[in-house]
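A structural walkthrough
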Amino acid sequence: MAEPRSAPRAQTPPVDEQIEFPHEAPTPDGAAVTLAPGVLWVRMPMPMQLDHINVYLLRDGDGWFIVDTGLNTERTRALWDEVMARHFDGLPLKGVICTHFHYDHAGLSAWLTERHAVPLYMTHGEYYTMRTLAGPPPEPLPGSLLQFYLRAGMPRERVDEMFAKLRRDPFMPPQPRALSRLREAQVLTIGGRAWRVVIGEGHSPEHACLYCESDRLLIAGDQLLPRITSNVLVTDIEPEANPLQLWLDSLDRLACLAPGTLVLPSHERVFSGLHRRVHELQVHHQGQFDIVRDHLQASGASTAFEAKARLFSRPLSAVEDMMALGETIAHLSWLRYAGQVRRVLDDDGMYRFSLAN
C-alpha cells in the first residue's frame, strides 16, 4: 500500500483553464454525437436517479469497438440493435471494452460478446471482481460480512433491510466466460489511433481509461466525471483497505496528461478542463476530511455510521446507505493511516474513531 500523505495534494490547474462542455449530449434513444472522426458518443438510459450512462463507439476500418455497455435490460438490448443499425454502416462489432466491472458498465458484456462472437477487453482485477460478485448476496449473511457492518455501527435491522433489497436487484447480469486482458500502458490501435491504457484505482480495483495522446482524447469511465464525484468505498471484502489513497494517486496520474485533453466520461457531459477538474476533486476530498475531523473533535469518539450522517445529510435509500457508509469508512481509513485518527474496538463490538491528538 502506498504511504499516505499528511494531506492530499491539490495541484493548481492552469490559471486560464476552465471546465467547458463543447458538445450537446445525445438523447438516450440511439442518437449519436461525433466527437472526432470515428469516435461517437451514445447514451443508454438507466431507470434510477443517475438516469444514463455514456458509451462510446470506435470505428476500426472494417468494424467497430464499443466502450461500456449499459445495464442488463430489455430496453438497452433493443437500443444496441438500433445503434448498430443506424451507425455501424453495415459493419460488424469487433470487440467490447469495459472500463470496469460495475453493471452499468459491463452488464451486457456477456450478451454482446456471445451474440456477436467477439472478445471482451477488460483488466484482470475488474473481470475477476465482477465474477466474484456475480449473483445476489447469500442468505444468511456470512459472519465476516455481517461483522463488517456491525463494527461500523450500522443497526442490525438496517443491515438486513439493505441486503434484502440487494437480493431483489433486477439488473444482475449473466457473466462472460472469457476476456482479453488489458494492462497498464498497453496500447490498443483502433482506427489508426493509439489508445494507451491508463489504470485508475479507488473507485474500482483496476479501472481502465483509454488515452489517445495524438488527438488528446481520454475515455475516462468513472475515474473523472465533470460534476459528480465517484464513489470511493471500503467494503467487507478488503476491510483494512485505503482506497482513497489509491484514488488520490490516480488523480495525480491523470493530472500528467496533456492540457486541452477532451474527457469522455461515463456520466454527464463530455468536457475539457481535465486539470481543473482534478484540482476540484482534490479540494473536495480535503473538505470531506475537514468535516470528519470536525465531527470527531465535537463528538470525542464516533462510529463510522455516526460520522456518515455528517458527510451525507440527506435521506438515503438502503443501497445508498451502504455506499455512503463505505465512503465514510474510506475517509476515516485515510485519516487513520495518515496518523491523524485512532480506531478502537469497544466492548460493544463497534469500532470508534477519535482524533489522534
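Analysis parameters
- Residues numbered from 1 in each chain as written.
- Predicted model: local features only at pLDDT ≥ 70, side-chain atom pairs only at ≥ 80, totals over all residues.
- Heavy atoms only, no water.
- Phe/Tyr/Trp six-rings, centres within 6.5 Å; stacked < 30°, edge-to-face > 60°.
- Helix = DSSP H or I, 4+ residues; strand = E, 2+ residues; numbered from the N terminus.
- Buried < 20%, exposed > 50% of the residue type's maximum accessible area, 1.4 Å probe, protein only.
- Contact = heavy atoms within 4.5 Å.
- Axes fitted to C-alpha atoms, helices over the stretch in contact; angles between N-to-C directions.
- Parallel < 35°, antiparallel > 145°, perpendicular 65-115°, else oblique.
- Nonpolar A, V, L, I, M, F, W, Y, C, P; charged D, E, K, R; others polar.

Counted by the stated rule, this structure contains 7 aromatic pairs. For the ring pair Trp-64 and Phe-88, a centre distance of 5.1 Å and an interplane angle of 5° mean the geometry is stacked. Of the two residues, Trp-64 is situated in strand 4 (residues 64–67) and Phe-88 in the loop between helix 1 (74–87) and strand 5 (93–97); the sequence distance between them amounts to 24 residues. Their ring planes at 75° and their centres at 6.2 Å tell us that Tyr-103 and Phe-171 sit as a pair that is edge-to-face.

Looking at where Val-341 falls in the secondary structure, it is placed in strand 14 (residues 341–345). Taking the relative accessible area as the measure of exposure, Val-341 reaches 4% and is therefore buried. Each C-alpha atom, one on Val-341 and one on Leu-355, is 4.5 Å from the other, the two residues being 14 residues apart in sequence. If near-sequence neighbours (up to four positions away) are discounted, Val-341 is found in contact with Leu-296, Leu-335, Arg-336, Phe-353, Ser-354, Leu-355 and Ala-356.

Angle between the axes and distance between the axes: these two values describe a pair of packed helices. Across the interface, helix 7 (residues 243–254) lies against helix 10 (residues 318–337) with an axial gap of 7 Å and an inter-helix angle of 85°. Taken together, the axis directions place helix 7 and helix 10 in an arrangement best described as roughly perpendicular. Within the contact between the two elements, helix 7 uses Pro-243, Leu-244, Gln-245 and Leu-248 and helix 10 uses Ala-330, His-331 and Trp-334. Residues belonging to the contact of helix 7 with helix 10 are distributed by class as follows: 5 nonpolar, 2 polar and no charged.

Without other data, these values stay purely geometric and don't point to any function.
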